[in-house]
Amino acid sequence: MASKVSEKNNAYSDPSVDAAEYFSPPEHGKLHRQLKNRHIAMISIGGVIGTGLFVGTGTALSNGGPLGLLLGYITMGTIVFAVMVSLGEMVAFLPIPGGHIKLADRFVNRAFSFAMGWNYWYNWTIIAPAELSAAALLIDYWHPNVDNSLWVALCIIVVVTINMLGAGAYGEAEFIFASIKVLTITGLIILGIILDLGGGPNHDRIGFRYWKNPGPFVQYDGIAGAKGRFLGWWAVMTQAAFSFIGTEIVAIINACLLSSAWSAASSDLYTSSRALYGLAAAGNAPKCFLKTSKSGLPYISVIFCALFTLLAFMAASSGAGNVFTWLANMTSIAGLMTWFGIAVTYLRFYKGLRAHGIDRRTLPFYTRVQPYAAWYACISTFVICFFSGWSVFLKGNWDTATFVTNYLPFALFPVLYVGALCYYRTSPVKAQDMDFESDLAQIAADEVEDPPPKNKIEAFWRWLM
């Protein structure tokens, strides 16, 4: 074990190793690092906060009631924790390009990595029009008589322009948008507490009034008893997943929420285009998506992924609210299947560590909740996906659009996996054959530190970020 760690540390710290060899072939160009540490810090805090939190929570509240909403989000939060500690343990030990998709290739097989990669791309591609349709829904607050297609077109122009300007422009825009979102959420929490305690203009102390009347739970679809309350809580789960993957509010707050939709859609397009680039680099997508500009922009991938934002124009014909719900359902299931894939990959990673005699306590990050957390994430995500469209099976509640948007992405994952399995004719990687050593040198070679602060203001800002 000591020799393995020594070899790994030498490879990791050897500056003579050219990082470029680990990326795409030089004739196609490669991505350039343009995001600074402050960009990454703010994106990690607020970049994924979108309309799932601001807009979609209303549907979850109406379905489950206040307590059902709270319990639903707590439950989903435990699943997120289980997924993140699983992913964190793997990437802290093996911080290789490609993240969980490349790790799936190492510890499961190439077919599973193929399925995870395309599912991940699909997830981030579909969520962008969901955010844009939500933006149309928010703008409709001010101009209800204007065709939503106009607002969708304007939002698409903003989002695509930001991404076509490159990673640097995206980082600066996202830094501003994420700052607005974080401040908005903080302000809303403070405002909610003030209003709840009677600090509003009418000094009406709300307290837990609505927990008593009409009650903490909603009897879903009028179904009485514990069954109706359980179904109300379960109805929150899919929406809660979308939020983790976002009546007394004035128009200025809506403007902040609009920036949230723009920000999230911009992040979605950025992520989906880089995911597609990664798929091409791994040989799982056409090589044309590897083409980049001199500044490192994968413009073919960006343009292709941007075409899917046109799905947001469905908001003009079917209603922004309905379209947002459909796309949110599809995104939630795809996101849950990504979490399922991460959990499966960790379970294989865990088995490989034991086969190689590697003590988890020596890893850069580990928790005592494994492998139970990974099993919990694996089973719970599958169960939630399987029952995600349960409401359409209630008497008189059949809705084709809801059924399709819930179960199409659920069926897509095994179809991708089985198809890749047949094409690549690959078998699961045996635990004793798993690779815990390769592809670490480029991480050190590609690591870039921000220049030291020039004054106390810059030093304070760096500490804050």
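Attention now goes to the overall build of the chain. When helices and strands are tallied, the chain shows 18 helices and zero strands. Split into buried and exposed, the 465 residues of the chain put 49% on the buried side. Accessible surface computed for the chain: about 22,300 Å², of which carbon and sulfur atoms make up 66%.

A word on the pattern of salt bridges. In total, this model carries three salt bridges according to the counting rule given. Of the charged contacts in the structure, one is a salt bridge between K102 and D105, with a shortest N-O distance of 3.8 Å. Of this pair, K102 and D105 both sit in helix 5 (residues 99-107), separated by three residues, roughly a single helical turn. Take K102: its relative accessible area is 31%, and that puts it in the partly exposed class.

A full pass over the atoms with the stated rule returns 28 aromatic pairs. Geometrically, the ring pair formed by F107 and F436 is tilted, given 5.2 Å between the ring centres and 35 degrees between the ring planes. Here F436 falls in the buried class, since its relative accessible area comes to 2%. Clustering of aromatic rings is evident, with ring pairs tying together F112, F340, F382, F386, F387, F410, F413 and Y417.

Judged by nonpolar contacts, the single largest core of 94 residues is most densely connected at W118, W121, L276, F349 and F436. In terms of residue count, helix 6 (residues 110-139) provides more of this core than any other element does, 17 residues in total. Leave out the neighbours within four places in its chain, and L276 touches W118, W121, A285, F289, S301, F304 and C305. If you look at the next biggest cluster of nonpolar residues, it comprises six residues, including A167, Y170, A173 and Y270.

With that out of the way, let us pick up the packing of helix 6 against helix 16 (residues 400-424). Packed helix pairs are characterised by how far apart their axes lie and by the angle those axes make with each other. Axis separation between helix 6 and helix 16 bottoms out at 8 Å; the angle between their running directions is 145 degrees. The interaxial crossing formed by helix 6 with helix 16 has right-handed handedness. Counted together, R110, A111, F112, F114, A115, M116, W118, N119 and Y122 of helix 6 and P409, L412, F413, L416, Y417, A420, L421 and Y424 of helix 16 form the full contact between these two elements. Classifying every residue of the contact of helix 6 with helix 16 gives 15 nonpolar, one polar and one charged.

Relative to the helices and strands, A431 is located in the loop between helix 16 and helix 17 (441-446). A sequence separation of 77 residues divides A431 from R354, and the C-alpha atoms of the two residues are 8.4 Å apart. Filtering out sequence-adjacent residues up to four positions away, A431 remains in contact with R348, K351, G352, A355 and H356.

Turning our attention to helix 16. Given 3.6 residues per turn, any residue in an α-helix points the same way as the ones three and four places further on. Here helix 16 is 25 residues long and its end C-alpha atoms lie 35 Å apart, about the 36 Å a rise of 1.5 Å per residue gives. Maximum bend of helix 16: about 30 degrees, positioned at L408, with proline P409 one to four residues after it. Among all positions of helix 16, only T402, T405, N406, Y407, P409, F410, F413, L416 and A420 are buried. Of the residues trailing helix 16, R425 is marked for its positive phi of about 50 degrees.

For the chain, per-residue confidence averages 76 on the pLDDT scale, and 76% of positions sit at 70 or higher. In this model, residues 1-28 is a region of pLDDT below 50 whose contacts with residues beyond four sequence positions or in other chains number 35 contacts.

The grouping of W375, I379, F382, V383, F386 and F387 at the surface amounts to a nonpolar patch, some 570 Å² of accessible area in total. Note on placement: I379 falls in helix 15 (residues 372-386).

Our next topic: the packing of helix 6 against helix 7 (residues 148-164). Close contact between helix 6 and helix 7 brings their axes to 9 Å; oriented N to C, the two are set at 125 degrees. If you check the angle between helix 6 and helix 7, you find them oblique. At the point where helix 6 passes helix 7, the crossing takes the right-handed sense. Contacts from L132, A135, A136 and I139 in helix 6 reach N148, W151, V152, C155, I156 and V159 in helix 7. The residue makeup of the contact of helix 6 with helix 7, split by class, is nine nonpolar, one polar and no charged.

What follows deals with the side chain of T338. As for its position among the elements, T338 is in helix 14 (residues 320-355). Only 2.9 Å separates the side chain of T338 from the side chain of N119, close enough to count as a polar contact.

Now for the environment of G357. In this structure, G357 sits in the loop between helix 14 and helix 15. Note on G357: relative accessible area 52%, which makes it exposed. Counting along the chain gives 75 residues from G357 to Q432, while the straight-line C-alpha distance between them is 9.9 Å.

Conventions and cut-offs
- Residues numbered from 1 in each chain as written.
- Predicted model: local features only at pLDDT ≥ 70, side-chain atom pairs only at ≥ 80, totals over all residues.
- Heavy atoms only, no water.
- Helix = DSSP H or I, 4+ residues; strand = E, 2+ residues; numbered from the N terminus.
- Buried < 20%, exposed > 50% of the residue type's maximum accessible area, 1.4 Å probe, protein only.
- Areas by Shrake-Rupley, 256 points an atom, 1.4 Å probe, with all protein chains shown as cover.
- Salt bridge = Lys/Arg side-chain N within 4 Å of Asp/Glu carboxyl O.
- Phe/Tyr/Trp six-rings, centres within 6.5 Å; stacked < 30°, edge-to-face > 60°.
- Core = buried A, V, L, I, M, F, W, Y, C linked by side-chain atoms within 4.5 Å.
- Contact = heavy atoms within 4.5 Å.
- Axes fitted to C-alpha atoms, helices over the stretch in contact; angles between N-to-C directions.
- Left-handed = near helix turned anticlockwise from the far one by under 90°.
- Nonpolar A, V, L, I, M, F, W, Y, C, P; charged D, E, K, R; others polar.
- Expected span 1.5 Å × (residues − 1).
- Bend = angle between axes of the 7 residues up to and from the residue.
- pLDDT = per-residue confidence, 0-100.
- Patch = residues over 30% accessible without salt bridge, like charges linked within 9 Å, V, L, I, M, F, W, Y side chains within 5 Å.
- Parallel < 35°, antiparallel > 145°, perpendicular 65-115°, else oblique.
- Polar contact = N/O pair within 3.5 Å; in protein donor to acceptor, adjacent residues only side chain to side chain.

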